[in-house]
There are 2 protein chains.
Amino acid sequence: MSTAALPLTRLSVNQQTVKQLSLPELADGCAKEGITAVGLWRAPVQEYGVERTARLMRDAGLTVTSLCRGGFLTDPDRAARARALDDNRAAIDEAAALGTDTLVLVSGGLPPGSRDLAGARERVAEALAVLGPHAEERGVRLAVEPLHPMFAADRCVVSTLGQALDLAERFPAHQVGVVVDTYHVWWDDQAPAQIARAGRGGRLHAFQLADWITPLPAGVLLGRGQLGDGSVDFRAFRTCVEDAGYDGPVEVEIFNEALWARDGGEVLRETAERFTAYA
Amino acid sequence: MSTAALPLTRLSVNQQTVKQLSLPELADGCAKEGITAVGLWRAPVQEYGVERTARLMRDAGLTVTSLCRGGFLTDPDRAARARALDDNRAAIDEAAALGTDTLVLVSGGLPPGSRDLAGARERVAEALAVLGPHAEERGVRLAVEPLHPMFAADRCVVSTLGQALDLAERFPAHQVGVVVDTYHVWWDDQAPAQIARAGRGGRLHAFQLADWITPLPAGVLLGRGQLGDGSVDFRAFRTCVEDAGYDGPVEVEIFNEALWARDGGEVLRETAERFTAYA
């Protein structure tokens, strides 16, 4: 297993980790800490302006490693489905404008009243067939993110890397791949084999880190932990993705109200330190 | 898929579903609703007395379908480990005294400070090697229950039926099998194949039902839902276990504070109705 610390140049800080910072504050903070890359979210980018954000990032010398997120493609209603596809096309265009080649997709949960997980996953596949060519035209790869099984009903019917790859492999690898997020897959003894499968197929499009801490908060969405605070063996996962040929950005993405309540610059510094110690 | 309702004689109500009821109240309530079987928990049984509980159940004509629960076998500390094994031997003896052949095992979480899921799972296997022969002597089968992956850190390092069977298959089937609990495995597209594998090996030792409802409460333990209130397709799971040769009790086990706040007899009636409608 590789034990040397990763250089800070491999770190990308996902904007949600320090969502208390405005985009200019994020750019300044990263410069101060020697952080060279960020993952962005659509809502704050739209609010600041897509082109304006792209310029801000370029001027600050920051690489945008991913845009979060498209997806929510499981609703069988025709009108809702058309709106979702339009919204995802817009997300692809925004990713291209920001200069990132990776749009993260969260599939969506079960439609209201439905108990048909397999059917919902099939609708995701149908949407990928429509969106893949549009993404290819824009030079963007769709990265299907399996979310932890505790989100299967209300957020993401794709729960494992195996399921995500079953979906992705129906399409060309330069159109559709997967995200490996330690928070979502750390418990899965099949994850190492699935990471190897993703690597062989050229579908390992993003690698994200967060730690698993307990007890989980109500609603469980904001339970992600700072690196080192929980149960995830990050070095083991890093070895897996490296063995699978991955040498791209390593993005830290934490949703945690305690981190959001602190000074954003201090959280950036801590994140860089934890990255060096644990990733 | 089988669509006929199951007869009420297949229903077993797990004591935790109506934990507001004392054991005599549970026996009375079941008689009133035509419920013929129950799953019991060690703490209330010990409090009432093991032999006394066995007599109460016999006199009421109630079958005890399982005892919950042994397990918590992941601590590497020698003294803690010896205590855990002793406690599990006592649980096996209690199961035998209650006349049930099934002791449910919850493996235990990661030891404090550990990030070694594979090591923790290996310690569960070592404990099964010790406990299996003792269980066999008493005519009790150890039923390893995979818990939902959201419990992997703090409660159960065995998260899928596949993992549970990997453990169980190291031992004779009459010593070690698995529990299929819909709440824990409903999200898993591998569950049908693993249920078939359990059936082929004679290791499908218990079948439990609870629904998946959101949002999850803080700590997530008490988030289990009444049948029909959530996302689980019970008929699909019932078809799976029937196709795997299972014709044993179908146990409803719900931990839910809203159910506990209601009249226990009313919850028993509702549970029987929901069982007929959904199971």
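Preceding block: the structure.
Only a predicted model underlies this, so the values are computations on that prediction, with no experimental measurement involved. (Residues numbered from 1 in each chain as written. Chains lettered and ligands numbered in written order. Predicted model: local features only at pLDDT ≥ 70, side-chain atom pairs only at ≥ 80, totals over all residues. Heavy atoms only, no water.)

Sorry if this is basic, but what is going on with helix α3 (residues 50–59) of chain A here?
Three- or four-residue spacings in an α-helix give side chains the same orientation, since the helix completes a turn every 3.6 residues. Residues and elements named next belong to chain A. Every buried residue belonging to α3 is among Val50, Thr53, Ala54, Leu56 and Met57, and all of these are buried. Projection of α3 onto a plane perpendicular to its axis shows the buried side chains occupying an angular sector of 160°, all on one side. Of the exposed residues in α3, the ones pointing more than 90 degrees away from its buried face are Arg58 and Asp59. Each element contacted by the buried residues of α3 is listed here: α1 (23–33), β2 (37–41), α2 (42–48), β3 (63–71) and α4 (78–98). Immediately beyond the C-terminal end of α3, within one or two residues, lies glycine 61, with a positive phi of roughly 70°. (Buried < 20%, exposed > 50% of the residue type's maximum accessible area, 1.4 Å probe, protein only. Helix = DSSP H or I, 4+ residues; strand = E, 2+ residues; numbered from the N terminus. Arc of directions from axis to C-beta. Contact = heavy atoms within 4.5 Å.)

In this structure, what is going on with helix α6 (residues 161–168) of chain A? I would like to understand it.
Counting buried residues in α6(A) gives seven out of eight residues, a clear majority hidden from the surface. Lining the buried residues of α6(A) we find α5 (117–138), β5 (141–144), β6 (176–181), α7 (182–185) and α8 (191–200) of chain A.

Quick question: what am I supposed to make of the pattern of salt bridges here?
Note that side chains of opposite charge can pair when their charged atoms are close. Scanning all chains against the criterion turns up 34 salt bridges over all chains. A salt bridge links A:Asp101 to A:Arg141; the shortest N-O distance between them is 3.8 Å. Of the two residues, A:Asp101 sits in the loop between α4 and β4 (102–106) while A:Arg141 sits in strand β5, which places them 40 residues apart along the sequence. Given a relative accessible area of 35%, A:Asp101 falls into the partly exposed group. Judged by its relative accessible area of 23%, A:Arg141 falls in the partly exposed class. For B:Arg89, the salt bridge is made with B:Asp86, and the minimal N-O distance between the two is 2.8 Å. Here B:Arg89 and its partner B:Asp86 are both found in helix α4 (residues 78–98), three residues apart, which amounts to about one turn of the helix. Residues participating in the shared-partner salt-bridge network are A:Arg42, A:Asp87 and A:Glu94. (Salt bridge = Lys/Arg side-chain N within 4 Å of Asp/Glu carboxyl O.)

Would you take a moment to explain the environment of A:Ile213 for this structure?
Residues and elements named next belong to chain A. Relative to the helices and strands, isoleucine 213 is located in the loop between β8 (211–212) and β9 (224–225). Distance in space between the C-alpha atoms of isoleucine 213 and glutamine 226 is 8.7 Å, their sequence separation being 13 residues. Setting aside its immediate chain neighbours within four residues, isoleucine 213 contacts Gly223, Arg224, Gly225, Asp229, Gly230 and Asn256.

Can you walk me through the interface of chain B and chain A in this structure?
Reports often express the size of an interface as the amount of accessible area lost when the parts come together. At the interface, 30 residues of chain B touch 30 residues of chain A. In total, about 2,300 Å² of surface goes out of reach between chain B and chain A, with carbon and sulfur atoms giving 60% of it. When the buried surface of chain B facing chain A is broken down by residue, B:Arg115, B:Trp186 and B:Trp187 rank first, second and third, together holding 26% of it. Remark: the boundary between chain B and chain A carries zero salt bridges. Counting across the interface, chain B meets chain A through 12 residue pairs in polar contact (both at pLDDT 80 or more). Its residues assigned to classes, the side of chain B that touches chain A shows 16 nonpolar, nine polar and five charged. (Buried area = accessible area lost by both parts, 1.4 Å probe. Polar contact = N/O pair within 3.5 Å; in protein donor to acceptor, adjacent residues only side chain to side chain. Nonpolar A, V, L, I, M, F, W, Y, C, P; charged D, E, K, R; others polar.)

Whenever I open this one, the relation of the copies chain B and chain A confuses me. Can you help?
Superposition of the two copies of the chain requires a rotation about an axis together with a shift along that axis. For the pair chain B and chain A, the relating rotation is 180°, the translation along its axis is 0.0 Å, and the fit reaches an RMSD of 0.0 Å. Both copies are brought into coincidence by an operation consistent with a two-fold rotation axis. Rotation axis and chain B: the residue whose C-alpha lies nearest the axis is B:Ala218, separated from it by 1.8 Å. Here 100% of the contact residues of chain B are again contact residues in chain A; the copies associate through an equivalent surface. (Least-squares fit on C-alpha atoms with pLDDT ≥ 70 in both.)

How do you make sense of the pairing of strand β5 (residues 141–144) of chain B when you look at a structure like this?
Successive side chains on a regular strand alternate, one facing one side of the sheet and the next facing the other. All names here are of chain B. For strand β4 (residues 102–106) and β5, the ladder comprises four bridges, and the chain directions are parallel. Bridge pairing in β5 places valine 104 opposite alanine 143. Regarding topology, helix α5 (residues 117–138) serves as the crossover connection from β4 to the parallel β5, and that connection is right-handed. Between β5 and its parallel partner strand β6 (residues 176–181), the chain crosses via helix α6 (residues 161–168), and the hand of that crossover is right-handed. (Pairing = 2+ DSSP bridges. Right-handed = clockwise from strand over helix to strand, strands pointing away.)

Just to check I follow, could you spell out the sheet that holds strand β1 (residues 11–14) of chain A for this structure?
Residue and element names in this part refer to chain A. With respect to topology, eight strands assemble into a closed barrel ordered β1-β2-β3-β4-β5-β6-β7-β10, the strand pairing being parallel. The mean angle between the axes of side-by-side strands here comes to 30°, regardless of whether they run parallel or antiparallel. Helix α11 (residues 264–278) contacts β1, β7 (204–209) and β10 (250–252) of the sheet and is inclined by roughly 140° relative to β1. (Axes fitted to C-alpha atoms, helices over the stretch in contact; angles between N-to-C directions.)

Help me out: how do you make sense of the packing of α4(A) against α5(A) in this one?
The relative placement of two packed helices comes down to the angle between their axes together with the axis-to-axis distance. All names here are of chain A. Packing of α4 against α5 brings their axes to within 10 Å, and their N-to-C directions diverge by 30°. In terms of orientation, α4 lies roughly parallel with respect to α5. Judged by the twist between their axes, the crossing of α4 over α5 is right-handed. Judged by residue contacts, Arg81, Leu85, Asn88, Arg89, Ile92, Asp93 and Ala96 of α4 engage Arg123, Glu126, Ala127, Val130, Leu131, His134, Ala135 and Arg138 from α5. Of the residues contributing to the contact of α4 with α5, the split by class is seven nonpolar, two polar and six charged. (Parallel < 35°, antiparallel > 145°, perpendicular 65-115°, else oblique. Left-handed = near helix turned anticlockwise from the far one by under 90°.)

Just checking my understanding: could you explain the side chain of B:Thr182 for this structure?
Residue and element names in this part refer to chain B. Inspection of the secondary structure puts threonine 182 in helix α7 (residues 182–185). At 2.8 Å, the side chain of threonine 182 and the backbone oxygen of alanine 210 are in polar contact. In this structure, threonine 182 is in contact with Phe207, Gln208, Leu209, Ala210, Val232, Phe234 and Phe237, ignoring residues within four places of it in sequence.

Teacher, can you tell me more about the sheet that holds β5(B) here?
By way of backbone hydrogen bonds, the strands of a sheet pair with one another, either parallel or antiparallel. All names here are of chain B. An order of β1-β2-β3-β4-β5-β6-β7-β10 is seen for the eight strands of this closed barrel, with the pairing classed as parallel. Taking each pair of neighbouring strands and ignoring which way they run, the sheet shows an average axis angle of 30°. As paired elements, β6 and strand β7 (residues 204–209) share four bridges and run parallel to each other. Across the sheet, the residue bridging to valine 178 is leucine 204, located in β7. Helix-sheet contacts for α4 involve β2 (37–41), β3 (63–71), β4 and β5, and the interaxial angle to β3 is about 180°.

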